[in-house]
Amino acid sequence: MRKNLIYLGILLQLLAMSWWVYQKRSSSTLDLEDSSFSISDTSVVDRIFMADKTGGRVLLDKTGPGQWKVNGQYTARPDAMSALLDALLRMQVKSPVPRPAVENIRKQLASIGRKVEVYSKVKKISVLYIGYSTIDSRGTYAIREGANLPYRDWE
């Protein structure tokens, strides 16, 4: 009888450990912090700053519902702003960059990447570096500020 209790105790411990491991498992191998590019609520976005390495800079400020100003003086086209905000909303990771290509893609993003800063009420929501399109033209290389790995965005 005592031997059976020992086996039962071991079995219960194994079941508890299995349940704990099952609950902690992730359905993705991607680093969720590094690979979350989209902005779930674009209605809170009130400023977007974009810059490239050639000195080109664009500051988009929200002046009212559906109204944006470009560099504080021109009215932004509503269809262009809608497309930009839609892209920020729907960005998703297709895959991480293959390990052998990581350094090359990082160099590409550092040399030709465009910086995109997104703000809500003067607080930075996100900072992204967007590069050129992938070889198959079905995505774009991008990395979040402070992230370890670049990713292929869009699908």
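To be clear, the structure that these remarks concern was listed above.
Source: prediction; values computed, not measured. (Residues numbered from 1 in each chain as written. Predicted model: local features only at pLDDT ≥ 70, side-chain atom pairs only at ≥ 80, totals over all residues. Heavy atoms only, no water.)

Trainee: I would appreciate a short explanation of the overall build of the chain in the present structure.
Mentor: For the chain, the helix and strand inventory stands at four helices and nine strands. Written out in order from the N terminus, the α and β elements of the chain read α-α-β-β-β-β-α-β-α-β-β-β-β. Across the 155 residues of the chain, 30% fall into the buried class. If you sum the accessible surface of the chain, you get close to 10900 Å²; carbon and sulfur atoms cover 56% of it. (Helix = DSSP H or I, 4+ residues; strand = E, 2+ residues; numbered from the N terminus. Buried < 20%, exposed > 50% of the residue type's maximum accessible area, 1.4 Å probe, protein only. Areas by Shrake-Rupley, 256 points an atom, 1.4 Å probe, with all protein chains shown as cover.)

Trainee: Quick question: what am I supposed to make of helix α3 (residues 78-90) here?
Mentor: Because each turn of an α-helix spans 3.6 residues, side chains separated by three or four positions in sequence point in the same direction. The first and last C-alpha atoms of α3 sit 18 Å apart over 13 residues, in line with the 18 Å expected at 1.5 Å per residue. Where α3 is buried, its residues touch β1 (47-51), β2 (57-64), β3 (67-70) and β6 (114-120). (Expected span 1.5 Å × (residues − 1). Contact = heavy atoms within 4.5 Å.)

Trainee: Would you take a moment to explain a nonpolar patch on the surface for this structure?
Mentor: Together, Leu5, Leu8, Leu11, Leu12 and Leu15 give the surface a local cluster of nonpolar side chains, amounting to about 490 Å² of exposed area. As for its position among the elements, Leu11 is in helix α1 (residues 2-24). (Patch = residues over 30% accessible without salt bridge, like charges linked within 9 Å, V, L, I, M, F, W, Y side chains within 5 Å. Salt bridge = Lys/Arg side-chain N within 4 Å of Asp/Glu carboxyl O.)

Trainee: Whenever I open this one, the nonpolar core confuses me. Can you help?
Mentor: Core analysis: the biggest nonpolar cluster contains 19 residues, and Phe37, Val45, Ile48, Trp68 and Leu88 have the highest contact counts within it. When residues of this core are traced back to their parent elements, those giving at least two are β3, α3, β6 and β7 (123-133). The element best represented in this core is α3, accounting for three residues. Apart from residues no more than four positions distant in its own chain, Val45 is found in contact with Ile39, Lys62, Trp68, Leu85, Val118, Tyr119 and Ile125. (Core = buried A, V, L, I, M, F, W, Y, C linked by side-chain atoms within 4.5 Å.)

Trainee: Looking at this model, I keep getting lost on the pairing of β6. Mind explaining?
Mentor: Two faces belong to every sheet, and in a regular strand the side chains alternate between them. With five of seven residues buried, β6 is to be regarded as a mostly interior element. Pairing between β1 and β6: five bridges, direction antiparallel. Note that in β6 the partner of Ala51 across the bridge is Lys115. In the sheet, β6 pairs with β7 via seven bridges, with the strands oriented antiparallel. Across the sheet, Lys115 pairs through a bridge with Tyr129, a residue of β7. From the end of β6 to the start of β7, which pair antiparallel, there are two residues, and Lys121 there has a positive phi angle of about 50 degrees. (Pairing = 2+ DSSP bridges.)

Trainee: Can you help me understand the pattern of salt bridges in this one?
Mentor: Note that side chains of opposite charge can pair when their charged atoms are close. If you walk through the whole model with that rule in mind, you get five salt bridges. The partner of Asp61 in a salt bridge is Arg47, and the shortest N-O contact between them spans 2.6 Å. Highlighted residues: Asp61 in strand β2 and Arg47 in strand β1, separated in sequence by 14 residues. Take Arg47: its relative accessible area is 35%, and that puts it in the partly exposed class. The shortest N-O distance in the salt bridge between Asp86 and Arg90 comes to 3.4 Å. Taken together, the residues span about one helical turn, with Asp86 and Arg90 both in helix α3 at a distance of four residues.

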